[in-house]
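Structural features, examined
Chain by chain, the residues run as shown.
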Amino acid sequence: MRLLLACLACLAAALPASAAERLPVVATFSILGDLVRAVGGDRVAVTTLVGPDSDAHVFSPSPADARRLADAKLVVANGLGLEGWIPRLVRSSGTTAALVETARDVVARRLDEPGAGHGGAARDPHAWQDVANAKRYVHSIRDALAAASPADRAVFEANAATYLTALDALDTEIRGAWAGIPRERRRIITTHDAFGYYGAAYGVEFLAPQGVSTETEASAQDVARIIRQIRREKVPAVFLETIADPRLAERIASETGARIGPRVYSDALSGPDGPAPTYLAMMRYNLRAFTAALAP
Ligand SMILES: [Zn+2]
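Since the structure is predicted, the reported quantities are computational estimates derived from the model, not experimental observations.

1. Some points on the overall build of the protein
Within the protein one finds 10 helices and 8 strands. Classification of the 296 residues of the protein by burial places 48% in the buried group. Considering only contacts within the protein whose residues lie at least 6 apart along the sequence, 65% involve residues at least 24 apart.

Below, the structure written as structure tokens:
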């Protein structure tokens, strides 16, 4: 009987960790959840608080979210003011989990207009839009997972190394695609001011639509202002999430010749059946959308 148990134990060691043995980790939003899964693999059970297609800037945690934190051994957040709601949630949950802020080693950019759609954050939290920063996130996640579960350190290091290689390939791909777009055409108007790090890393100028709220749907007057801005600043493409009326989008296109881009993913992944279910897929989807709209 003892022999049988010993063999079962060695069998178990060779198998993926069962659900009960996996390290419970909470990630604040979908992009971080994907990175934690990439590094943690089958040794972690990841719960994401702000799911796909949802806004991490404004989030009202539920009592169930507090329980998720209480059960976790590690909480992974972005920091830089993205999750203004997390300190209170940590306190109210009574969790003893370690908290890691993945953006802690990032050189933070400042938001030009504090409070413009980002809850008054002075630092720009969207650091993951630069792949070099995503690599910093992976280093932070790997080290935090290893601290929380030292026995699995080698697995986390191997998974992280594999994923970092994929991030290097992604970065090369992004740079290669932008190299095909003339510098003077790399100008995009977008309603959500989330691409500052992306623009700095890859040489693209992202302009905010002037005098247009990023929160509410654009009016006919807003559209007239955007048309003037596009002409004045010679912008080849606009990505405007808040223009829900296709006739207004058509008017911009017909009066300026600018291309209207599809919805891009900045702060959340899509669901599993959408075009951006992982960080790698999101970055490739956005790259195709941006470069298609700007190609001469
Ligand atoms: Zn944002």
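2. A word on the pattern of salt bridges
Across all of its chains, the model carries 15 salt bridges by this definition. Here Arg-104 ties to Asp-105 by a salt bridge, and the two come within 3.7 Å at their closest N and O atoms. The shortest N-O distance in the salt bridge between Glu-233 and Arg-232 comes to 3.7 Å. Connected via shared salt-bridge partners are Arg-187, Glu-205, Arg-232 and Glu-233.

3. Quick word on the sheet that holds strand 8 (residues 259-260)
A sheet is described by the order of its strands in space; here 4 strands give the open sequence 6-5-7-8, paired in parallel fashion. What marks the edges here is a single partner per strand, and that holds for strand 6 (205-207) and strand 8. Sheet topology note: the strand 7 (residues 237-239)/strand 8 ladder contains 2 bridges and is parallel. Counted as the bridge partner of Val-238 is Ile-260 from strand 8. Packing of helix 10 (residues 279-294) onto the sheet brings it into contact with strand 5 (187-190), strand 6, strand 7 and strand 8, and relative to strand 7 it is tilted by some 145°.

4. Regarding helix 2 (residues 30-40)
The periodicity of an α-helix, 3.6 residues per turn, causes residues three or four places apart in sequence to face the same way. Burial analysis of helix 2 places 9 of its 11 residues in the buried class, which makes it a mostly covered element. Where helix 2 is concerned, the buried positions are Ser-30, Ile-31, Leu-32, Gly-33, Asp-34, Leu-35, Val-36, Val-39 and Gly-40. Buried residues along helix 2 sit against strand 1 (23-29), strand 2 (44-50), strand 3 (74-77), helix 5 (131-148), helix 6 (153-179) and helix 10. Gly-41 lies just past helix 2 and shows a positive phi near 55°.

5. Digging into the environment of Gln-210
Locating Gln-210 in the fold gives a position in the loop between strand 6 and helix 8 (220-233). Spatially, the C-alpha atom of Gln-210 lies 9.8 Å from that of Arg-228, the residues being 18 residues apart in sequence.

6. Some points on helix 10
If you check helix 10, its first and last C-alpha atoms are 23 Å apart, about what 16 residues at 1.5 Å a residue would give, namely 22 Å. Most of helix 10 sits inside the fold, with 12 of its 16 residues counted as buried. Residues of helix 10 that are buried: Tyr-279, Leu-280, Met-282, Met-283, Tyr-285, Asn-286, Leu-287, Ala-289, Phe-290, Thr-291, Ala-293 and Leu-294.

7. Quick word on the packing of helix 3 (residues 63-71) against helix 4 (residues 86-93)
As a packed pair, helix 3 and helix 4 sit with axes 9 Å apart at the nearest point and diverge in direction by 70°. In terms of orientation, helix 3 lies roughly perpendicular with respect to helix 4. On the side of helix 3, the interface is formed by Asp-65, Ala-66, Leu-69 and Ala-70, while helix 4 contributes Leu-89, Val-90 and Ser-93. Looking at side-chain class alone, the contact of helix 3 with helix 4 contains 5 nonpolar, 1 polar and 1 charged residues.

Here is what the cut-offs are and how they apply
- Residues numbered from 1 in each chain as written.
- Predicted model: local features only at pLDDT ≥ 70, side-chain atom pairs only at ≥ 80, totals over all residues.
- Heavy atoms only, no water.
- Helix = DSSP H or I, 4+ residues; strand = E, 2+ residues; numbered from the N terminus.
- Buried < 20%, exposed > 50% of the residue type's maximum accessible area, 1.4 Å probe, protein only.
- Contact = heavy atoms within 4.5 Å.
- Salt bridge = Lys/Arg side-chain N within 4 Å of Asp/Glu carboxyl O.
- Pairing = 2+ DSSP bridges.
- Axes fitted to C-alpha atoms, helices over the stretch in contact; angles between N-to-C directions.
- Expected span 1.5 Å × (residues − 1).
- Parallel < 35°, antiparallel > 145°, perpendicular 65-115°, else oblique.
- Nonpolar A, V, L, I, M, F, W, Y, C, P; charged D, E, K, R; others polar.

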